[in-house]
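What follows is the residue order along each chain.
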Amino acid sequence: MTAEPTRKPRRLVPLLVAGALGLTACTNAVSGAPSGVEIGPLTTAEATGAALASLAESAAVRYQGTLTASDDSTFTVDVTATSTSEVFGSIAVDGRGASIIVLDKTLYLKGKPEFWAAMAARFGVSSGDGTALGNRWVKLPTVLLGVEFADIFTPDVVGQTAGKATKDADGELPTQATNAGGGVSGVEIPVDGGTVYLAEEAPHGVVALTLDEIGSAENTKARDLQVAVTDVSATINKIYTDLAGKAKNELNTAVDALTSITQGGNRFDKCAATSCTLIVDITNPSKKAVKVHLKADWTGDNAPLGSCEQTVGPVQPGKSATMSCAIKNQKWADFYQRANSVPGSHPYGAVWTALALADPPDAAPLAERGAAKAADPKARSEGESGHAVYEVSYSEGVWKYGVVSARYWRDQAKEQLRSCLGTTKSVCTYSLVTTADNPVSAHALAAQLVATYKQEKGACPAGQWVSCPK
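Quantities reported herein were computed from a predicted structural model and do not represent experimental measurements.

So, the pattern of salt bridges
Side chains that carry opposite charge are capable of pairing whenever their charged atoms lie near each other.
Then comes step 1: A complete count under the given rule lists 14 salt bridges for this structure.
Then comes step 2: With a closest N to O distance of 3.4 Å, R418 and E46 form a salt bridge. Taken as a pair, R418 in helix α10 (residues 417-424) and E46 in helix α1 (residues 44-57) lie far apart in primary sequence, 372 residues in all.
Then comes step 3: Here R62 and D78 are joined by a salt bridge, their closest N and O atoms 2.8 Å apart.

And the structure:
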């Protein structure tokens, strides 16, 4: 019997025969040494676009300067406007000053008697020498003032009206500042709506502007607007809290200047050592029910003794009422004692006005905004309702935080990427931080993020203008 030889296991060696079958390998490799792409300098158009985008995103902006109203009157203004169209501050009309508040596009003015005396013919308000309306808040239709402040100064409206840098402003952003007026200097850039002045240093925010025309209605447009611009978004909660206090404690007794009250008979009653009462008969000739406010300024021996006030109503249309108020202070007591102890004539009297009061503004929404807490970054939503807080970032961190309508935040952020690239020389990206229904919550979060960044880094983000006080 013949034994079979023992077979050793064979090792299979795979062979790769490239080209034998006519196969070609694929690759993404590019031959040659890689080279960087040169990042050009920030252009005028890019810097202007980013600056106006930041202006439009502000929670509140202060404007100081001049404008011409639709009736050719010259206004000097020092007003602050919010993103929700509240306006407050001071104005001067042809040199005569007054305080101003605009809530829900309702205008309130407060001026001295001489202001109202001069404005009587202009407004069609019967104020005589101005004593009746002097030093009181007065509600007026904006058309009588000839300027719709809510239309003119709301930050996003200003940004949109300015428009884009003109073709004459092509090329690299200039570095030479010029005088913008009012002690402000900046880089002068012609834009579609006039001229914008940008800060010399990054982030090149708007420091002043002139607009040929602004406003939506012919009878309340302004022209030749020339103002210095300051962002005050970091104080937005306080702004609303203060406005709520004004609405509740001062504007609740504002006069309705277009509703007249007829004053009838008057007499003094129960004048004795401790007090004296003035009684006035009034009639409401208007077609609506109104509250009526009586104020009397008293004199004795031709010297001021004090004042008294009373509010009645609502008094129905065509109805009459009797009002009264009494002076009962130490000055009256001293005068009465002197008149009764020293022989001679001691005249006393009172000058009074009975005025219709305007319906008070609703302070609750203002108070709610003033108390609004910063939005929660963890409660992030991708929806298109409310207000978005977004960030633009580069290799070293955040370049800018912004607040805009949730519907448009991507477009707004994307348009600023090239400006970020031009100033940082680094690739820039954008992302959503969170959204909030309340605009103040969104702005409060942005201000909080900026403050934290500044505390940690020693300066605001490189592209930050809003909520970064200079």
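Some remarks on unusual backbone geometry
Then comes step 1: The peptide bond linking A202 to P203 adopts the cis configuration, its omega dihedral lying at 15°.
Then comes step 2: By the secondary structure assignment, P203 is in the loop between β9 (194-198) and β10 (206-214).
Then comes step 3: The peptide bond linking G313 to P314 adopts the cis configuration, its omega dihedral lying at 10°.
Then comes step 4: Note that P314 resides in strand β16 (residues 303-315).
Then comes step 5: With a phi close to 80°, S85 is a non-glycine residue in the positive phi region.
Then comes step 6: Along the chain, the position of S85 falls in the loop between β2 (74-82) and β3 (87-93).

Some thoughts on the packing of aromatic side chains
Then comes step 1: Inspection of every chain in the model, using the stated rule, returns 13 aromatic pairs.
Then comes step 2: Both rings, one in F268 and one in W298, keep their centres 5.5 Å apart while their planes meet at 50°; by these two values the pair is tilted. Residue F268 is located in strand β13 (residues 262-269), and its partner W298 is located in strand β15 (residues 290-300); the two are separated by 30 residues in the primary sequence.
Then comes step 3: You can call F268 partly exposed: its relative accessible area is 36%.
Then comes step 4: Each member of the aromatic cluster is reached from another via a ring pair, and the members are F268, W298, W332, F335, Y336 and Y348.

Here we look at the nonpolar core
Inside soluble globular proteins, nonpolar side chains tend to come together where they are buried.
Then comes step 1: Ranked by internal contacts, the top residues of the largest apolar core, which has 56 residues, are F75, I91, F149, F153 and L209.
Then comes step 2: The next biggest cluster of nonpolar side chains, apart from the first, holds 22 residues, and it includes V280, M323, C325 and A350.

Notes on the sheet that holds strand β6 (residues 136-140)
Then comes step 1: Across the sheet, which stays open at both edges, the 12 strands sit in the order β7-β8-β9-β10-β11-β1-β2-β3-β4-β5-β6-β12 with mixed pairing between neighbours. A strand with exactly one partner marks an edge of an open sheet, and here the two such strands are β7 (178-181) and β12 (255-256).
Then comes step 2: Direction of pairing for β6 relative to β12: parallel, over a ladder of 2 bridges. By the bridge assignment for β12, V138 is matched with V255.
Then comes step 3: Here α1 sits on the sheet and contacts β1 (60-68), β8 (184-191), β9, β10 and β11 (222-231); the angle it forms with β9, its principal contact strand, is near 90°.
Then comes step 4: Helix-sheet contacts for helix α5 (residues 155-162) involve β1, β2, β8, β9 and β10, and the interaxial angle to β10 is about 75°.

Regarding the state of the cysteines
Then comes step 1: Under the criterion given, the structure shown has 4 disulfides.
Then comes step 2: When the cysteines of the chain that form disulfides are numbered from the N-terminus onward, they connect as 1-2, 3-4, 5-6, 7-8.

Some remarks on α10
Then comes step 1: For α10, the set of buried residues is S419, C420, G422 and T424.
Then comes step 2: Considering only its buried residues, α10 is in contact with α1, β19 (387-394) and β20 (397-405).
Then comes step 3: The positive-phi residue at the C-terminal boundary of α10 is K425, with phi of around 55°.

Focus: the confidence of the model for the chain
Then comes step 1: For the chain, mean pLDDT is 87; residues scoring 70 or higher make up 89% of the total.
Then comes step 2: Note that residues 1-36 has pLDDT below 50 and, in this model, 0 contacts with residues that lie over four places away or in other chains.

Here's the deal with helix α7 (residues 330-341)
Then comes step 1: In this model α7 runs 16 Å from its N-terminal to its C-terminal C-alpha over 12 residues, within 8% of the 16 Å that 1.5 Å per residue would give.
Then comes step 2: Measuring from the backbone nitrogen of K331 back to the side-chain oxygen at the start of α7 gives 3.3 Å, which picks out N329 as the cap.

Structural notes on the pairing of β15
Then comes step 1: Where β15 lies against β16, 10 bridges are found, and the strand directions are antiparallel. Paired with K295 across the bridge in β16 is E309.
Then comes step 2: Following β15, the chain reverses through 2 residues before pairing antiparallel with β16; D301 in that reversal takes a positive phi of roughly 55°.
Then comes step 3: With 9 bridges connecting them, β15 and strand β18 (residues 348-356) associate as antiparallel partners. Looking across to β18, one finds that A296 is bridged to W352.

Here is what the cut-offs are and how they apply
- In this convention, every chain numbers its residues from 1, walking through the sequence in written order.
- Local features are withheld for residues below a pLDDT of 70 in this predicted model, meaning they are given only at 70 or higher, and side-chain atom pairs are given and counted only at 80 or more; totals for whole chains, interfaces and linings count all residues.
- Side-chain numbers here rest on the full set of heavy atoms in the structure, without hydrogens or water.
- For this document, the term salt bridge refers to a Lys or Arg side-chain nitrogen within 4 Å of an Asp or Glu carboxyl oxygen.
- Helix and strand definitions follow DSSP, with helices as H or I runs of at least four residues and strands as E runs of at least two, each counted in order from the N terminus.
- Paired rings are identified among Phe, Tyr and Trp, the last through its six-membered ring, by centres lying within 6.5 Å, and are further divided according to the angle between planes into stacked (under 30 degrees), edge-to-face (over 60) and tilted (the rest).
- Summary of the burial criterion: residues with accessible area below 20% of their type's maximum are buried, those above 50% are exposed, and those between are partly exposed, where the area comes from a 1.4 Å probe applied to protein chains only.
- Here, nonpolar core refers to any group of buried Ala, Val, Leu, Ile, Met, Phe, Trp, Tyr and Cys residues whose side-chain atoms link them within 4.5 Å.
- When DSSP locates at least two bridges between a pair of strands, those strands are taken to pair.
- Every residue pair with non-hydrogen atoms within 4.5 Å of one another is taken to be in contact.
- Angles run from 0 to 180 degrees between N-to-C directions of axes, and those axes are lines fitted to C-alpha atoms, restricted for helices to the stretch in contact.
- Only a pair of cysteine sulfur atoms within 2.5 Å counts as a disulfide in this structure description.
- One number per residue, pLDDT, summarises how confident the predictor is, and it ranges from 0 to 100.
- Under the convention used throughout, the expected extent of a helix is 1.5 Å for every residue step, that is, one less than its residue count.
- Under the rule applied, a polar contact is a pair of N or O atoms within 3.5 Å (in protein, one hydrogen donor and one hydrogen acceptor; residues adjacent in sequence only if both atoms are side-chain atoms).

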